[in-house]
Structure formats: C-alpha cells, structure tokens
Amino acid sequence: GGMDSKLCLWNAAGAACSNLAGHDGSIAVVKALERCPVAVSAGYDKRIHVWDLSKHTSRALVSSLSGHAAPILCLSSSPASLLASGCRGGVACIWDLATGSVSRKFPGHG
C-alpha cells in the first residue's frame, strides 16, 4: 500500500504489479490472512478494505468496512475470521469478517 491510495499486488516473480484501487487516502497497513487468498488494508480514509487476491483487477475489492472515526494504523487477524483494528483516535475494534460487522469496540486505547 502507499500514499497514492493504491494497493500493489506483485506477481510471484516480482516483475509485474496489479494496482488495486479503492481507498480514498493513504494506506497505512496491509495484512495477508492465513489459509485463504485474502488481504486486508486500512489507512487514512478510516476504512478497512477486504481484497480477494485471486483476482488481479479492481473487482478484487470484496468489501469495505467502516466504523473508525480516525485513521486506522494497525491490523491483526486470527484464524477464526476475526480482525482487530486500531485507530489514531485510540479506539480498537474487533471485526467479524464473515459478516463485515464490528463485534466489539474498545474506546480509550491511546
């Protein structure tokens, strides 16, 4: 991810890059999920994007998750389809990726 709001998906040889567009601001963090061809990215547009890495086009964007009021700076995943996110405003969220909803919010972590 980068400041140009695009996620670059490189091929295995590192010779070609597919730009995955969808963010409206700089991307701060990218995480590939275990055991599936999915990645998540987040940043200054305050949204988490879920990407299907088997697609190399703009249609790779599976969903966009909203729930933070400040730029998202960190992500961590679990094998159980849960994702934790933390934002500059001090709020941590636990997301259920199967439903795309926030399971829990933890304000005041800053």
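Preceding this paragraph is the structure being described.
In this text the structure is predicted, and so the values were computed from the model without any measurement.

1. Overview of the overall build of the chain
Then step 1. Along the chain, the regular secondary structure elements total zero helices and 10 strands.
Then step 2. Going residue by residue from the N terminus, the α and β elements of the chain occur as β-β-β-β-β-β-β-β-β-β.
Then step 3. Put simply, the chain has 110 residues, and 35% of those count as buried.
Then step 4. Here the contacts in the chain between residues at least 6 apart in sequence split such that 27% fall between residues at least 24 apart.

2. Some remarks on the nonpolar core
Then step 1. In this structure, Val40, Ala42, Ile48, Ile72, Leu75, Leu83 and Trp95 are the most contacted members of the largest nonpolar core, which totals 15 residues.
Then step 2. Of all the elements in the fold, those that place two or more residues in this core are strand E4 (38-43), strand E5 (47-52), strand E7 (72-77), strand E8 (82-87) and strand E9 (92-96).

3. Some points on the layout of surface pockets
The method is simple in principle: a probe with the dimensions of a water molecule rolls over the atoms, and the space it marks as empty is what remains.
Then step 1. In this structure, the largest pocket encloses a volume near 280 Å³.
Then step 2. Lining of the largest pocket is provided by 17 residues; of these, Leu33, Cys36, Val38, Ser81 and Leu97 occupy positions nearest its centre.
Then step 3. Element by element, the count of residues in the lining of the largest pocket is highest for strand E6 (residues 61-66), at three residues.
Then step 4. Classifying every residue of the lining of the largest pocket by side-chain character gives 10 nonpolar, five polar and two charged.

Rules used in this analysis
Residues numbered from 1 in each chain as written. Predicted model: local features only at pLDDT ≥ 70, side-chain atom pairs only at ≥ 80, totals over all residues. Heavy atoms only, no water. Helix = DSSP H or I, 4+ residues; strand = E, 2+ residues; numbered from the N terminus. Buried < 20%, exposed > 50% of the residue type's maximum accessible area, 1.4 Å probe, protein only. Contact = heavy atoms within 4.5 Å. Core = buried A, V, L, I, M, F, W, Y, C linked by side-chain atoms within 4.5 Å. 1 Å grid on protein atoms, 1.4 Å probe; cavity = no way out; pocket = protein on both sides within 12 Å on 5 of 7 lines; lining within 4 Å. Points joined across faces, edges and corners; volume = space filled by probe spheres on them. Nonpolar A, V, L, I, M, F, W, Y, C, P; charged D, E, K, R; others polar.

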